[in-house]
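# Understanding the architecture of this molecule
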Amino acid sequence: MRIVSYNVNGIKARLPRLLEYLDEAKPDVVCLQELKSSDDTLPLKDIEAAGYGAVWHGQKGFNGVAILARDAQPVERQKGLAGEPDDDHSRYIEAEVNGVVIASIYLPNGNPQPGPKFDYKLRWIDRLAARAQALLAEELPVVLAGDYNVIPNDDDTFSVRVMQDDALMQPESRAGYRALLAQGWTDALRTQHPRGGVWTFWDYQAGAWQRDAGFRIDHLLLSPQAADRFVGAGVDKDYRGREKASDHAPTWVMLQ
């Protein structure tokens, strides 16, 4: 079972690239982030024509998450996270596909920091951790896939100096991510590449792609039951270099 996390940076703008990826890679499940589309303007007919069922949590202009499943219809379990009733950001959706519980996550960026956006990011991490703990208690294979907007380690970025003041790499952001792992989750990509140096994001600015000046912020965390089925993980980097591509590359884990 190949499960992909893919921040598309606007599903309508990147639809040709997404459909191309679905056709060529044929992933079993794709967790999309940053749809930038309301529920009623999502290109569901195109996705269904490609052979994928979908559940989604859209939002006009920004945010938005979805879960696609090849030749299957994901069974939605939850939209959004508890703990902040006034939060109207579409950043979390959870579904079951063929016996595996999968969440698509778009964690807040948090810049500029310090400030209210960074405070919101840290609260959101805490809310995610509460949901993650509840999922672990179910003792099911679970994959938490998404754009976490956290660079976990120094070797997960092309330049510590350049990123040192960014919300993605602050000690509090990293501590929140480490606290998640400490619950018992396995970082799939880190397991496959323990020495780091693997990027999932390259900015559009300053020739970042051409210079390979990227960093790792797209993560797939596995519950113990999912980790027992771990086969491999990687980044489909070439898709970042295509015309009008997202600034993220599809990042995947394979479970047996």
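This text follows the structure it describes.
## Quick notes on the overall build of the chain
When helices and strands are tallied, the chain shows 8 helices and 14 strands. For the chain, whose C-alpha radius of gyration is 17 Å, the value lies close to the compact-globule estimate of 18 Å for 256 residues. With the C-alpha coordinates aligned to their principal axes, the bounding extent of the chain is approximately 45 × 45 × 40 Å. Here the chain holds 256 residues, and 56% of them are scored as buried. In the chain, once contacts between residues fewer than 6 apart in sequence are set aside, the share between residues at least 24 apart is 69%. Accessible area for the chain stands at about 10800 Å²; split by element, carbon and sulfur atoms hold 49% of it. A gap of 3 Å separates the mean positions of the 29 positive and 37 negative side-chain charges of the chain.

## Looking at the packing of aromatic side chains
Counted by the stated rule, this structure contains 5 aromatic pairs. Aromatic pair Tyr21 and Tyr239: ring centres 4.8 Å apart, planes at 90 degrees, arrangement edge-to-face. Here Tyr21, found in helix H1 (residues 15-25), pairs with Tyr239, found in the loop between strand E13 (230-235) and strand E14 (251-255); they are 218 residues apart in sequence, far enough to count as distant. Classification of Tyr21 as buried rests on a relative accessible area of 0%. With 5.0 Å between their ring centres and 85 degrees between their planes, Trp202 and Trp209 make a pair best called edge-to-face. For Trp209, a relative accessible area of 23% gives the class partly exposed. One aromatic cluster is present, built from ring pairs that chain together Tyr6, Tyr21 and Tyr239.

## Structural notes on the sheet that holds strand E8 (residues 142-147)
Sheet architecture is open: 6 strands sit in the order E5-E6-E7-E8-E12-E9, paired in mixed fashion. Bordering the open sheet on either side are strand E5 (75-79) and strand E9 (186-187), each of which pairs with just one other strand. As paired elements, strand E6 (residues 92-97) and strand E7 (residues 100-106) share 6 bridges and run antiparallel to each other. Its bridge partner being in E7, Glu94 is matched across the sheet by Ala103. Its contacts with the sheet put helix H3 (residues 116-137) on E5, E6, E7 and E8, and the angle it makes with E6 is roughly 20 degrees. Across the sheet, helix H5 (residues 171-182) is in contact with E9 and strand E12 (218-222); its angle to E12 comes to roughly 25 degrees.

## Thoughts on the sheet that holds E13
An order of E3-E4-E2-E1-E14-E13 is seen for the 6 strands of this open sheet, with the pairing classed as mixed. Edge positions in the sheet fall to strand E3 (52-57) and E13, since each has one partner strand and no second. The sheet shows a mean angle of 15 degrees between the axes of neighbouring strands, direction not considered. Here 5 bridges tie strand E1 (residues 2-7) to strand E2 (residues 29-33), and the two strands are oriented parallel to one another. Note on E2: the bridge partner recorded for Val4 is Val30. Lying on the sheet, H1 is in contact with E1, E2, E3 and strand E4 (65-70); it crosses E1 at an angle near 170 degrees.

## As for H5
Taking 1.5 Å as the rise per residue, H5 with 12 residues should run 16 Å; its terminal C-alpha atoms sit 16 Å apart, in good agreement. Looking only at H5, the buried set comprises Ser173, Arg174, Gly176, Tyr177 and Leu180. Seen end-on, H5 carries its buried residues on one side only, within an arc spanning 155 degrees. Exposed and oriented more than 90 degrees from the buried face of H5 are Pro171 and Ala182. Here the buried face of H5 lies against H3, E9 and E12. Taken from the residues just after H5, Gly184 is the one with a positive phi, measuring 130 degrees.

## Brief notes about the pattern of salt bridges
One pass over the full model with this rule turns up 18 salt bridges. For the salt bridge of Glu138 with Arg77, the shortest nitrogen-to-oxygen distance reads 2.7 Å. Of the two residues, Glu138 is situated in the loop between H3 and E8 and Arg77 in strand E5; the sequence distance between them amounts to 61 residues. Arg77 gets classed as partly exposed once you look at its relative accessible area, which sits at 30%.

Scoring rules and cut-offs
Residues numbered from 1 in each chain as written. Predicted model: local features only at pLDDT ≥ 70, side-chain atom pairs only at ≥ 80, totals over all residues. Heavy atoms only, no water. Helix = DSSP H or I, 4+ residues; strand = E, 2+ residues; numbered from the N terminus. Rg over C-alpha atoms; globule rule 2.2 N^0.38 Å. Buried < 20%, exposed > 50% of the residue type's maximum accessible area, 1.4 Å probe, protein only. Contact = heavy atoms within 4.5 Å. Areas by Shrake-Rupley, 256 points an atom, 1.4 Å probe, with all protein chains shown as cover. Lys, Arg positive; Asp, Glu negative; His and termini not counted. Charge placed at Lys NZ, Arg CZ, Asp CG, Glu CD. Phe/Tyr/Trp six-rings, centres within 6.5 Å; stacked < 30°, edge-to-face > 60°. Pairing = 2+ DSSP bridges. Axes fitted to C-alpha atoms, helices over the stretch in contact; angles between N-to-C directions. Expected span 1.5 Å × (residues − 1). Arc of directions from axis to C-beta. Salt bridge = Lys/Arg side-chain N within 4 Å of Asp/Glu carboxyl O.

Functional significance is not addressed by these values, which are geometric in nature.
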